[in-house]
Amino acid sequence: MVGLKPSEVPPTMAVKFLGAGTAACFADLLTFPLDTAKVRLQIQGESQAARSAQYRGVLGTILTMVRTEGPRSPYKGLVAGLQRQMSFASVRIGLYDSVKQFYTPKGSDHSSITTRILAGCTTGAMAVTCAQPTDVVKIRFQASVQAGPGSNRKYSGTMDAYRTIAREEGVRGLWKGTLPNITRNAIINCAEMVTYDVIKEKLLDYHLLTDNFPCHFISAFGAGFCATVVASPVDVVKTRYMNSPPGHYRSPFDCMLKMVTQEGPTAFYKGFTPSFLRLGAWNVVMFVTYEQLKRALMKVQMLRESPF
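Residues numbered from 1 in each chain as written. Predicted model: local features only at pLDDT ≥ 70, side-chain atom pairs only at ≥ 80, totals over all residues. Heavy atoms only, no water.

Trainee: An account of the overall build of the chain is requested, with residue identities and associated values reported.
Mentor: Regarding its fold elements, the chain presents 11 helices and 0 strands. Listed by position from the N terminus, the elements making up the chain come as α-α-α-α-α-α-α-α-α-α-α. Reported as C-alpha extents along the three principal axes, the dimensions of the chain are approximately 60 × 45 × 35 Å. Burial statistics for the chain: of 308 residues in total, 53% are counted as buried. In the form shown here, the chain has an accessible surface area of approximately 14,500 Å², with 66% of it arising from carbon and sulfur atoms. For the chain, the centre of its 35 positive side-chain charges and the centre of its 21 negative side-chain charges are spaced 6 Å apart. (Helix = DSSP H or I, 4+ residues; strand = E, 2+ residues; numbered from the N terminus. Buried < 20%, exposed > 50% of the residue type's maximum accessible area, 1.4 Å probe, protein only. Areas by Shrake-Rupley, 256 points an atom, 1.4 Å probe, with all protein chains shown as cover. Lys, Arg positive; Asp, Glu negative; His and termini not counted. Charge placed at Lys NZ, Arg CZ, Asp CG, Glu CD.)

As structure tokens, this is what we get:
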């Protein structure tokens, strides 16, 4: 990332991978109920099961889930979510600097906005190819509505979900919604990484802040808001398409058309508030943790390599 002092040793690829994956998992643990609330609000009105529970607002959605499905319901799909972050965030965040440098012309002191956007699109698309099955399983768990803690569950666990989806829908079922997911994550990765990169760079270049917590916090908050605004429509389409039974939608485009005709264009921004709360909080926790982990891991590595 930008802003490292010349005296600091740049983090290695292994440090970036491990730091990004670990930081993303930590952020997921803290913000997962917001993500589940977002999914429930996004699918509301889509099916009879979704209509049976009327959710109002972020807190209302979480409280309704706890009351009707048990206290653990906001954390449905957490295991798959953590699996997703370890494979997804490690690629899209850990590789961003390297891909950005690859696209930057030799001799250039700074990467252009176009170069950063291209790097964000590339790593976002690469990450989806690695993590798509984990995203499908996560959303299936989050979207499943139970009558109560003792009601029947479609999947007995995360691994059973992978097996059941592959058996009932074929291996392609685990890769359902890949195209909208690539689109969504390319957009969201650009918004997050480029916005964070640019804000942090300007804060440091104009000496408004040093490379510390306030700088990371402001940059991450801006990245979360920008990502929510630009990615919400494709995020809703992705969620509905992944959660739909076989044959319900012919394609992501068909899903989009049905949403517009049946619910109006505002359907694309269903769950916007929890999306922003989740992405804003997630980005702040992830980027702040990531910056600290990179430095801590590099210190450990330098101590191990030191002859004294």
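Trainee: Please provide a residue-by-residue account of the pattern of salt bridges, values included.
Mentor: Following the criterion strictly, the structure yields 24 salt bridges and no others. For Lys-200, the salt bridge goes to Asp-211, with nearest N and O atoms at 3.5 Å. In this pair, Lys-200 sits in helix α8 (residues 178-205) while Asp-211 sits in the loop between α8 and α9 (213-243), placing the two residues 11 residues apart along the sequence. Take Lys-200: its relative accessible area is 0%, and that puts it in the buried class. (Salt bridge = Lys/Arg side-chain N within 4 Å of Asp/Glu carboxyl O.)

Trainee: Which residues make up the confidence of the model for the chain, and what values go with them?
Mentor: Of the residues in the chain, 91% reach a pLDDT of 70 or more, and the chain-wide mean stands at 86. Mean pLDDT across the elements of the chain ranges from a minimum in helix α2 (residues 48-52), with 51, to a maximum in helix α4 (residues 78-92), with 93. The model gives residues 3-7 a pLDDT under 50, and that stretch makes 4 contacts with residues more than four places away or in other chains. (pLDDT = per-residue confidence, 0-100. Contact = heavy atoms within 4.5 Å.)

Trainee: Break down the nonpolar core for me, citing the residues and quoting the values.
Mentor: Counting residues in hydrophobic clusters, the biggest one holds 27 residues, and the most contacted among them are Ile-93, Trp-282, Met-286, Phe-287 and Tyr-290. Listing elements by their share of this core, those giving two or more residues are α1 (13-43), α4, α5 (96-103), α6 (113-143), α8, α9 and α11 (272-305). Tallying contributions element by element places α11 first for this core, with 7 residues. Every residue in contact with Ile-93, bar those within four places of it in the chain, is listed here: Ala-20, Met-193, Trp-282, Met-286 and Tyr-290. Core analysis: the second largest hydrophobic core is formed by 11 residues, Ile-139, Tyr-162, Ile-165 and Leu-174 among them. (Core = buried A, V, L, I, M, F, W, Y, C linked by side-chain atoms within 4.5 Å.)

Trainee: An account of the packing of aromatic side chains is needed here, citing residue identities and associated values.
Mentor: A full pass over the atoms with the stated rule returns 8 aromatic pairs. Counting every residue linked through ring pairs, the aromatic cluster contains Phe-221, Phe-225 and Phe-276. Lying over the aromatic face of Tyr-241, Lys-176 brings its terminal NZ or CZ to 5.6 Å of the ring centre. One residue, Lys-294, lies across the ring of Tyr-290, its end atom 4.6 Å from the ring centre. (Phe/Tyr/Trp six-rings, centres within 6.5 Å; stacked < 30°, edge-to-face > 60°. Lys NZ or Arg CZ within 6 Å of the ring centre and 35° of its normal.)

Trainee: Tell me about the state of the cysteines, residues and numbers included.
Mentor: The final tally for this structure, using the stated rule, is 0 disulfides. Free of any disulfide, Cys-130 has its nearest cysteine sulfur in Cys-25, 15 Å distant. Counting only cysteine sulfurs, Cys-190 is the nearest neighbor of Cys-226, a cysteine outside any disulfide, at a range of 9.9 Å. (Disulfide = S-S within 2.5 Å.)

Trainee: How would you sum up the packing of α5 against α6? Please name residues and give values.
Mentor: Contact pair α5 / α6: the axes reach a minimum separation of 9 Å and the direction vectors enclose 130 degrees. Here α5 is positioned oblique relative to α6, judged by the angle of their axes. For the pair α5 and α6, the sense of crossing is right-handed. Each of Tyr-96, Val-99, Lys-100 and Tyr-103 in α5 lies in contact with α6, whose residues at this interface are Thr-115, Arg-116, Leu-118, Ala-119, Gly-120, Thr-122 and Thr-123. Grouping the amino acids of the contact of α5 with α6 by side-chain chemistry returns 5 nonpolar, 4 polar and 2 charged. (Axes fitted to C-alpha atoms, helices over the stretch in contact; angles between N-to-C directions. Parallel < 35°, antiparallel > 145°, perpendicular 65-115°, else oblique. Left-handed = near helix turned anticlockwise from the far one by under 90°. Nonpolar A, V, L, I, M, F, W, Y, C, P; charged D, E, K, R; others polar.)

Trainee: Describe the environment of Arg-167, naming the residues involved and giving the relevant values.
Mentor: As for its placement among the helices and strands, Arg-167 is situated in helix α7 (residues 158-169). Here the alpha-carbon distance between Arg-167 and Gln-132, two residues 35 residues apart in the chain, equals 17 Å.

Trainee: For empty space enclosed by the protein, give the residues involved together with the corresponding values.
Mentor: Taken as a whole, this structure holds 2 cavities of 30 Å³ or more when the rule is applied. Approximately 140 Å³ is the volume found for the largest cavity. Mapped by element, the contributors of at least two residues to the lining of the largest cavity are α1, α4, α6, α8 and α11. Of the volumes computed, that of the second largest cavity is approximately 80 Å³. Taken together, Asp-35, Lys-38, Arg-184, Ile-188, Ala-227, Thr-228, Ala-231, Ser-232, Asp-235, Ser-275, Arg-278 and Leu-279 form the lining of the second largest cavity. Secondary structure elements with two or more residues in the lining of the second largest cavity: α1, α8, α9 and α11. Among the elements that make up the lining of the second largest cavity, the one with the highest residue count is α9 (5 residues). By residue class, the composition of the lining of the second largest cavity is 4 nonpolar, 3 polar and 5 charged. (1 Å grid on protein atoms, 1.4 Å probe; cavity = no way out; pocket = protein on both sides within 12 Å on 5 of 7 lines; lining within 4 Å. Points joined across faces, edges and corners; volume = space filled by probe spheres on them.)

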